[in-house]
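Fold and contact review
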Amino acid sequence: MKNLTIALLMVCALFTTVSADIGIKVGVSAQIGSMEASGKEANSDGATATRVSNTREALFGTGGYFIEKDLAFLPGRLGDLGSRISIGYDNIVHDLDVGTVNNVREKATLGAGGATVAATVHSLNAKITGFETVYATLNITDWLFVKYGNVTVDVETEYKGTATSKYAKNHDLDGTVFGIGLVKESDNGWFTRLEYNDYDIDGKSVSNTGTDSKFTATLNDVTGETGRISIGKSF
């Protein structure tokens with residue numbers, strides 16, 4: 001939501017600019033790629049072994065939209081440089097199911113207060129409900145650009161396991177993206193982009209808030225690469 005607020009403020013500022021060419025770009029994108037991550041579930045009793053998952057790779061595809069504004073409005077020579085720099089916002093337009101992982105507790109363990117936690121299979125399903133990026137692009141030439149930005153991923157999880165375990169459902173993950181791409185723009189303002197993006201998203205640890213409160217689940221850093229195609233219009 002914080003990135004969406006920034007984007008809305010940016011849009012409001014755009015339309016205060018009085019110019020035949022206001023330097024706005026809007027468009028839609030489709031991307032495919034893969035992400036890698038691993039996780040673990042640990043017990044603070046000091047006796048139970050930490051269960052660590054293998055690194056898992058997931059293929060995915062998304063569709064989204066974006067809006068950008070160049071910095072050509074800056075005064076003097078800054079405007080000349082600013083005409084090659086744009087600030088943008090993008091997000092996906094649908095949820096993305098990233099699958100389910102299981103942790104097998106092979107034997108009973110002690111939870112908070114000495115309570116016995118039965119052996120069972122714990123599963124966690126994760127769904128991405130937002131994938132917001134605030135970024136800057138720099139046109140090195142008329143057809144080559146680079147991109148760098150901050151990513152906020154909204155993740156909704158569903159936990160299934162013992163009745164004594166409970167984990168929060170909604171999480172925000174922050175990270176960065178670096179991209180490089182090609183662009184072709186026609187005289188009427190329509191353009192097409194092809195780009196490669198490299199993602200590095202921070203992991204997160206979540207403590208069990210149930211009576212089995214000695215357990216902590218951790219998602220390690222997420223890394224991934226995508227290829228994206230975009231179609232848009234300059235105004």
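Every value quoted in this text rests on a predicted model; they were computed, and no experiment measured them.

Some words on the overall build of the protein chain
Scanning the protein chain from terminus to terminus reveals 2 helices and 15 strands. Each of the 235 residues in the protein chain was classed as buried or not, and the buried ones make up 40%. Long-range pairs, those at least 24 residues apart, make up 68% of the contacts in the protein chain between residues at least 6 apart in sequence. Approximately 12,900 Å² of the protein chain is accessible, and the part contributed by carbon and sulfur atoms is 59%.

Digging into the confidence of the model for the protein chain
Summary statistics for the protein chain give a mean pLDDT of 79 and a share of 68% for residues scoring 70 or more. A low-confidence stretch, residues 14–20 stays under pLDDT 50, and its non-local contacts, those more than four residues away or across chains, total 7 contacts.

Concerning the pairing of strand 4 (residues 56–70)
Pairing analysis gives 14 bridges linking strand 1 (residues 24–37) to strand 4, with the strands arranged antiparallel. Note that in strand 4 the partner of G27 across the bridge is F66. Bridging between strand 4 and strand 5 (residues 85–92) involves 7 bridges; their strand directions are antiparallel. Residue pairing in the sheet places F66 in a bridge with D90 of strand 5.

A closer look at the packing of aromatic side chains
According to the stated counting rule, one finds 3 aromatic pairs in the structure shown. Their ring planes at 55° and their centres at 6.3 Å tell us that Y65 and Y89 sit as a pair that is tilted. Taken as a pair, Y65 in strand 4 and Y89 in strand 5 lie far apart in primary sequence, 24 residues in all. In this structure Y65 comes out as partly exposed when scored by relative accessible area, which is 33%. Classification of Y89 as buried rests on a relative accessible area of 2%. With a centroid separation of 6.3 Å and an interplanar angle of 50°, the aromatic rings of F66 and F191 are classed as tilted. Pair noted here: F66 is in strand 4 and F191 is in strand 12 (residues 190–201), with a separation of 125 residues, a long-range link. For the pair formed by F66 and F191, the shared burial category is buried. The residue whose ring lies beneath R193 is F145, and the NZ or CZ to ring-centre distance is 5.5 Å.

Points about the side chain of S234
Examined against the element boundaries, S234 turns out to sit in strand 15 (residues 222–234). There is a polar contact of 3.1 Å between the side chain of S234 and the side chain of E185. Not counting residues up to four positions away in its chain, the partners in contact with S234 are I24, K25, E185, G189 and F191.

Some words on a nonpolar patch on the surface
Taken together, V28, Y65, V93, W190 and I231 make up a surface patch of nonpolar side chains, about 500 Å² in accessible area. Tracing the backbone shows V28 in strand 1.

Basis of the calculations
- Residues numbered from 1 in each chain as written.
- Predicted model: local features only at pLDDT ≥ 70, side-chain atom pairs only at ≥ 80, totals over all residues.
- Heavy atoms only, no water.
- Helix = DSSP H or I, 4+ residues; strand = E, 2+ residues; numbered from the N terminus.
- Buried < 20%, exposed > 50% of the residue type's maximum accessible area, 1.4 Å probe, protein only.
- Contact = heavy atoms within 4.5 Å.
- Areas by Shrake-Rupley, 256 points an atom, 1.4 Å probe, with all protein chains shown as cover.
- pLDDT = per-residue confidence, 0-100.
- Pairing = 2+ DSSP bridges.
- Phe/Tyr/Trp six-rings, centres within 6.5 Å; stacked < 30°, edge-to-face > 60°.
- Lys NZ or Arg CZ within 6 Å of the ring centre and 35° of its normal.
- Polar contact = N/O pair within 3.5 Å; in protein donor to acceptor, adjacent residues only side chain to side chain.
- Patch = residues over 30% accessible without salt bridge, like charges linked within 9 Å, V, L, I, M, F, W, Y side chains within 5 Å.
- Salt bridge = Lys/Arg side-chain N within 4 Å of Asp/Glu carboxyl O.

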